[in-house]
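Observations on the three-dimensional arrangement
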Amino acid sequence: MDNTDNKMFQFLSKYLMGPMGKLAQMRIVRGVMAAGMASIPFTIVGSMFLIVSVIPQSFPALAGIWSVSFDKITNLYMLANTATMGILALYFCIVFGYEYTRIQAQEEKVNVNPLNGALLSMMAFFMCVPELLFKDGTMGLINIVSKDQKIIDGWEMSGGVTRLGTTGIFTAIIMGIVAVKIYTYCVKKNWTIKMPETVPVGVINSFIALIPTALIALTVIVVNGILVFLNTDIFKIVAVPFSFVTNLTNTWLGLLVVYFIMHALWIVGIHGATIVTSFLTPIVLSNMAANQTGANLPFAGEFNNSFVTIGGSGATLGMVIFIAFFARSAQLGALGKAAVVPAIFNINEPILFGMPIVYNPYTAIPFFLAPMASMSVAYFSIKWHMVNPPIAQVAWPTPGGLSGFVGSGGDWRAAVLAIVCALVAFVIWYPFIKFYDAKLVRDEQTVSAS
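Residues numbered from 1 in each chain as written. Predicted model: local features only at pLDDT ≥ 70, side-chain atom pairs only at ≥ 80, totals over all residues. Heavy atoms only, no water.

**A word on the packing of helix H8 (residues 169-188) against helix H11 (residues 234-249)**
- Axis separation between H8 and H11 bottoms out at 9 Å; the angle between their running directions is 115°. Looking at the two axes, H8 sits roughly perpendicular to H11. H11 is crossed by H8, and the crossing has right-handed handedness. Residues Phe-170, Thr-171, Ile-174 and Met-175 of H8 form the contact with H11, whose own contacting residues are Ile-234, Phe-235, Val-238 and Phe-242.
- Across the contact of H8 with H11, the residue classes tally to seven nonpolar, one polar and no charged. (Axes fitted to C-alpha atoms, helices over the stretch in contact; angles between N-to-C directions. Helix = DSSP H or I, 4+ residues; strand = E, 2+ residues; numbered from the N terminus. Parallel < 35°, antiparallel > 145°, perpendicular 65-115°, else oblique. Left-handed = near helix turned anticlockwise from the far one by under 90°. Contact = heavy atoms within 4.5 Å. Nonpolar A, V, L, I, M, F, W, Y, C, P; charged D, E, K, R; others polar.)

The structure is reproduced here in structure tokens:
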């Protein structure tokens, strides 16, 4: 490793590893990550039922069969989609409130109950969902019923309660933070109703939460009242920065930055994929919901593992297959054979830490460039309507071609695109891995000669 490489790693460690490592340990971030992980089964299951309803769009020959079968019970089976993707903000709210309270209890040694934290977060969130207006000196619930919009007693409806869907995730997190912080503060200050020790624990926990519940409700009422008086609400305020970040990730340059940061973290030993994607989960889910209603946003659903990091971070699938069967060095050959099966399912920790790629100057450049190239191919293919955008969530370990096919609602071109992306990434990896392989061969020959 020459002096230039040392300076690069020192720079990344100082300005990226330190700050992002601290960020990943923040309690709020850990709560959001837990909520994102907990939402996975709901997004996948809900997406599967959506795929059933859109299959004829990808395979018109099946339209006749669907018209006399599945189409007749669409409203029945799509309840599974409404009860998962349609209320995803609620799942985020409950899990975040629970996890954030649990973390507070453990690390601040305060007697707060995670279940109470989850319920208080849900209460605060629900108080923000209805839309109100201040008119003629009176607070009223908005009622609008038109061709394009339906708001009944403040609740906007569109196949379900609109604000409980992906658009409400950030508001749910904010309300969870407010609720848990007030709950924890009250318990710390002993602003609770004391009960005799002979009373069952469940009853004690309920009464401990009584005063915090009232304070949370009053706080949300006051905040909501002020915002409505100013002709806005928390959802509309959150939408401003959310829209900015969403618009940034819906640009090619924005995604280049995203994937640079993700892989820069990996280079210095931090799980960049987990940290970065945890922040972007609400965006890709919201974009996926928009695609279901006709939008054409590339960065949606499982765009990352379907088209970009095929084989794992660094888009290493092609490289792993190459070293498994064609590497001349014993080290890479053995490593490739051990890593090829996990790589098919987008798991490449054996390569990241076994080759290693982490802190390795010989593999740093393709590790950055390969996913940026595959992202670019996928982004413009979808942007230019050559391939249908992701409309359904698939499990991240799903192999690339299958993941793209299912996620796009059955577009065979998405499977082809995934293969092309993997090949593009390998073309970038090829000269670097050949050079590194030759170096290892020389090193092995030197060792054997000595």
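**Remarks on the pairing of strand E1 (residues 132-135)**
- In this sheet, strand E2 (residues 138-141) lies alongside E1 in antiparallel orientation, the contact comprising four bridges. Bridge assignment links Leu-132 to a residue of E2, and that residue is Leu-141.
- Between E1 and E2, which pair antiparallel one after the other, the connecting turn spans two residues, and Asp-136 there sits at a positive phi close to 55°. (Pairing = 2+ DSSP bridges.)

**Examining a nonpolar patch on the surface**
- On the surface, Tyr-185, Trp-191, Ile-193, Val-203, Phe-207, Leu-210, Ile-211, Leu-215, Leu-218 and Ile-221 cluster together into a nonpolar patch covering about 840 Å² of accessible area.
- Within the residue set of the nonpolar patch, elements represented by two or more residues are helix H9 (201-208) and helix H10 (210-229).
- Element by element, the count of residues in the nonpolar patch is highest for H10, at five residues.
- Tracing the chain through its elements places Ile-211 in helix H10. (Patch = residues over 30% accessible without salt bridge, like charges linked within 9 Å, V, L, I, M, F, W, Y side chains within 5 Å. Areas by Shrake-Rupley, 256 points an atom, 1.4 Å probe, with all protein chains shown as cover. Salt bridge = Lys/Arg side-chain N within 4 Å of Asp/Glu carboxyl O.)

**Observations concerning the sheet that holds strand E5 (residues 155-156)**
- Pairing within the open sheet is antiparallel, and its three strands lie in the order E3-E4-E5. Edge positions in the open sheet fall to strand E3 (144-145) and E5, since each of these has one partner strand only.
- Bridge count between strand E4 (residues 150-152) and E5: two bridges; the pairing is antiparallel. If you follow Ile-151 over to E5, its bridge partner there is Glu-156.

**Quick word on the packing of aromatic side chains**
- Evaluation of the coordinates by the stated rule reveals 21 aromatic pairs.
- With a centroid separation of 6.3 Å and 85° between ring planes, the pair formed by Phe-70 and Tyr-77 is classed as edge-to-face.
- Accessibility expressed as a relative area gives 33% for Phe-70, which makes it partly exposed.
- Measuring from ring centre to ring centre gives 5.0 Å for Phe-380 and Trp-384, while their planes differ by 35°; the resulting arrangement is tilted.
- The partly exposed category is assigned to Phe-380, whose relative accessible area is 26%. (Phe/Tyr/Trp six-rings, centres within 6.5 Å; stacked < 30°, edge-to-face > 60°. Buried < 20%, exposed > 50% of the residue type's maximum accessible area, 1.4 Å probe, protein only.)

**A closer look at H10**
- Its 20 residues place the ends of H10 29 Å apart at the C-alpha level, agreeing with the 28 Å of an ideal helix rising 1.5 Å per residue.
- Burial in H10 covers these residues: Pro-212, Ile-216, Ala-217, Val-220, Asn-224, Leu-227 and Val-228. On an axial view of H10, the arc spanned by its buried residues comes to 135°, and they lie on one face. Away from its buried face by more than 90 degrees, H10 exposes Leu-218 and Phe-229. (Expected span 1.5 Å × (residues − 1). Arc of directions from axis to C-beta.)

**What about the domain arrangement of the chain?**
- Domain assignment breaks the chain into domain 1 (11-20 + 251-449) and domain 2 (27-131 + 158-239).
- Each of domain 1 and domain 2 has a C-alpha centre, and these two points are 32 Å apart.
- Each side of the interface is counted separately: domain 1 has 21 residues, and domain 2 has 18 residues.
- Taken over both partners, the interface formed by domain 1 and domain 2 buries close to 1600 Å², and the fraction arising from carbon and sulfur atoms is 77%.
- The largest share of the area that domain 1 buries against domain 2 comes from Pro-282, Leu-285 and Gln-393, three residues that together contribute 28% of it.
- Counting across the interface, domain 1 meets domain 2 through zero salt bridges.
- At 10 residues, the largest contribution of residues to the side of domain 1 that touches domain 2 is made by helix H13 (residues 272-292).
- A class-by-class count of the residues in the side of domain 1 that touches domain 2 yields 11 nonpolar, nine polar and one charged. (Domains from an automatic or database assignment. Buried area = accessible area lost by both parts, 1.4 Å probe.)

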